[in-house]
Amino acid sequence: MRTIIYLALLLSAAGVSAGELRPVSAADIKAMDVSAVPAPQPAQPAPGIVRGYQNVFMQIRNQPSWGAVEANDYQLNVDISVRKVFSDQYDMFNRVDNQTQMGSIRKVFNADWQLSGYGSYLDMREFAGSYTITGSVPAQGAQSRYLNFSVSKRFDDFSYYVSGPGMSLSFDQYGVNGSYDTDRFSKQAFTAVLSMIFAVQADKSQPARP
C-alpha cells in the first residue's frame, strides 16, 4: 500500500498524463525507496483529557466519649482529627504531608453545617438525612476551586456515599474507600470535605439532648 501511495505522489508531482505512462516492471518497484513514505503515527490523547485519580483507603476511629473522630491514610500521608469543643462546634486539626491544617466546623439551624479554615469555606445542608456540600477549597497557588457534592445516606447515620465531579467516596463508621481527582482537588481540599462529614459522624454518636 505504501508503494502505491508513493507512485501516486511521484506521478502527480511530475505532472505526467495518462498517455505518457509506461509499464512499470517488478524490477522498477524493487528499485524504489519506499522508506521515504512516513509511517502513520499513533493518535495522541488530547491535552487535559487524562486525569490522575488517587485511591483512598482510610481507617476511622470513633471516640464518642470525647465527641471525636480520627482517621488516617498512610499511603496518602494524611491524618484527620475532628473534636467537639462546644455544644455545636468542632475543631478540625489535620496533618497533610506533615503540614498542619486547622479550622472550625459549626452546626447551624440544628441540621446544617459550615466549615472555615485553611482556605476552605464549605456549607453542608441537610435534607431527609442526606446532604449537599458546596463552597470553595484551595487550588493551585492562591486560587480556589468551587465544589458541589451530594452526600447520600446509605443504611445508618454513619454511612454515606459522596459523589460529584472529581470525587467518589463511601463512608461508614470504620473507614473511607473510593477515589478523588488529584488534578481537580488538592489533599487539603479532599481532607476538608472528609472533616465536615466526620463532624456529622461525631455529632450522631453523642447522646440526644433533652
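Residues numbered from 1 in each chain as written. Predicted model: local features only at pLDDT ≥ 70, side-chain atom pairs only at ≥ 80, totals over all residues. Heavy atoms only, no water.

### Remarks on the pattern of salt bridges
(1) Moving on: Counted according to the given criterion, the structure contains six salt bridges.
(2) Moving on: Between aspartate 97 and lysine 187 there is a salt bridge whose closest N-O contact spans 2.8 Å. Residue aspartate 97 is found in the loop between β4 (89–96) and β5 (99–108), and its partner lysine 187 is found in helix α3 (residues 187–204); the two are separated by 90 residues along the sequence.
(3) Moving on: Close ionic contact of aspartate 157 with lysine 153 constitutes a salt bridge, the shortest N to O distance being 2.7 Å.
(4) Moving on: By relative accessible area, aspartate 157 is classed as partly exposed at 32%.
(5) Moving on: By sharing partners, the salt bridges in this structure join Arg61, Glu70 and Arg83 into a single network. (Salt bridge = Lys/Arg side-chain N within 4 Å of Asp/Glu carboxyl O. Helix = DSSP H or I, 4+ residues; strand = E, 2+ residues; numbered from the N terminus. Buried < 20%, exposed > 50% of the residue type's maximum accessible area, 1.4 Å probe, protein only.)

### As for the packing of aromatic side chains
(1) Moving on: For the structure on display, the rule yields five aromatic pairs.
(2) Moving on: Ring centres of tyrosine 90 and tryptophan 113 lie 5.9 Å apart, and the angle between their planes is 50 degrees; this geometry places the pair in the tilted category. With tyrosine 90 in strand β4 and tryptophan 113 in strand β6 (residues 112–117), this residue pair connects regions lying 23 residues apart in the sequence.
(3) Moving on: Classification of tyrosine 90 by relative accessible area gives buried; the value is 0%.
(4) Moving on: Tryptophan 113 gets classed as buried once you look at its relative accessible area, which sits at 2%.
(5) Moving on: Taken together, a centroid distance of 5.7 Å and an interplanar angle of 65 degrees make the contact between phenylalanine 149 and phenylalanine 185 edge-to-face. Here phenylalanine 149 is found in strand β9 (residues 144–153), whereas its partner phenylalanine 185 is found in the loop between β12 (175–181) and α3, with 36 residues between them in sequence.
(6) Moving on: Residue class for phenylalanine 185 comes out buried when judged on its relative accessible area of 4%. (Phe/Tyr/Trp six-rings, centres within 6.5 Å; stacked < 30°, edge-to-face > 60°.)

### Brief notes about the side chain of asparagine 72
(1) Moving on: Counting through the fold element by element, asparagine 72 comes out in strand β2 (residues 68–73).
(2) Moving on: Apart from the residues lying within four places of it in its own chain, the contact partners of asparagine 72 are Phe57, Met58, Gln59, Arg61, Val78 and Asp79. (Contact = heavy atoms within 4.5 Å.)

### Considering the pairing of β2
(1) Moving on: The element β2 is extensively covered by neighbouring structure, given that six of its six residues are classed as buried.
(2) Moving on: With burial as the criterion, each face of β2 is covered, one bearing Ala68, Glu70 and Asn72 and the other bearing Val69, Ala71 and Asp73.
(3) Moving on: Alignment of strand β1 (residues 53–63) against β2, held across five bridges, turns out to be antiparallel. The residue bridging arginine 61 from the neighbouring strand is glutamate 70, located in β2.
(4) Moving on: Connecting β1 to the next strand, β2, in antiparallel fashion are four residues, including glycine 67 with a positive phi near 60 degrees.
(5) Moving on: Note that β2 and strand β3 (residues 78–86) share six bridges and pair antiparallel. Note that in β3 the partner of valine 69 across the bridge is valine 82.
(6) Moving on: Remark: four residues form the turn of the hairpin made by β2 and β3, two consecutive strands paired antiparallel; asparagine 77 in that turn has positive phi of roughly 60 degrees. (Pairing = 2+ DSSP bridges.)

### Topic: the confidence of the model for the protein chain
(1) Moving on: A residue-level look at the protein chain finds 72% of positions with pLDDT of 70 or above and a mean pLDDT of 81.
(2) Moving on: Contacts from residues 2–21, a stretch scored under 50 in pLDDT, to residues over four places away or in other chains number 12 contacts.
(3) Moving on: Every residue in residues 42–50 is under pLDDT 50, and counting partners more than four places away or in other chains gives two contacts. (pLDDT = per-residue confidence, 0-100.)

### Some words on the sheet that holds β12
Hydrogen bonds between backbone groups are what pair the strands of a sheet, and the pairing can be parallel or antiparallel.
(1) Moving on: Read around the closed barrel, the 12 strands follow the order β1-β2-β3-β4-β5-β6-β7-β8-β9-β10-β11-β12; overall the barrel is antiparallel. Strand after strand, the sheet turns through a mean of 20 degrees between neighbouring axes, direction not considered.
(2) Moving on: Direction of pairing for strand β11 (residues 167–171) relative to β12: antiparallel, over a ladder of five bridges. Counterpart to leucine 169 in the pairing with β12 is glycine 178.
(3) Moving on: Where α3 meets the sheet, it contacts β1, β2, β3, β4, β5, β6, β7 (120–127), β8 (130–138), β9, β10 (160–164), β11 and β12, and its direction lies at approximately 140 degrees from that of β4. (Axes fitted to C-alpha atoms, helices over the stretch in contact; angles between N-to-C directions.)

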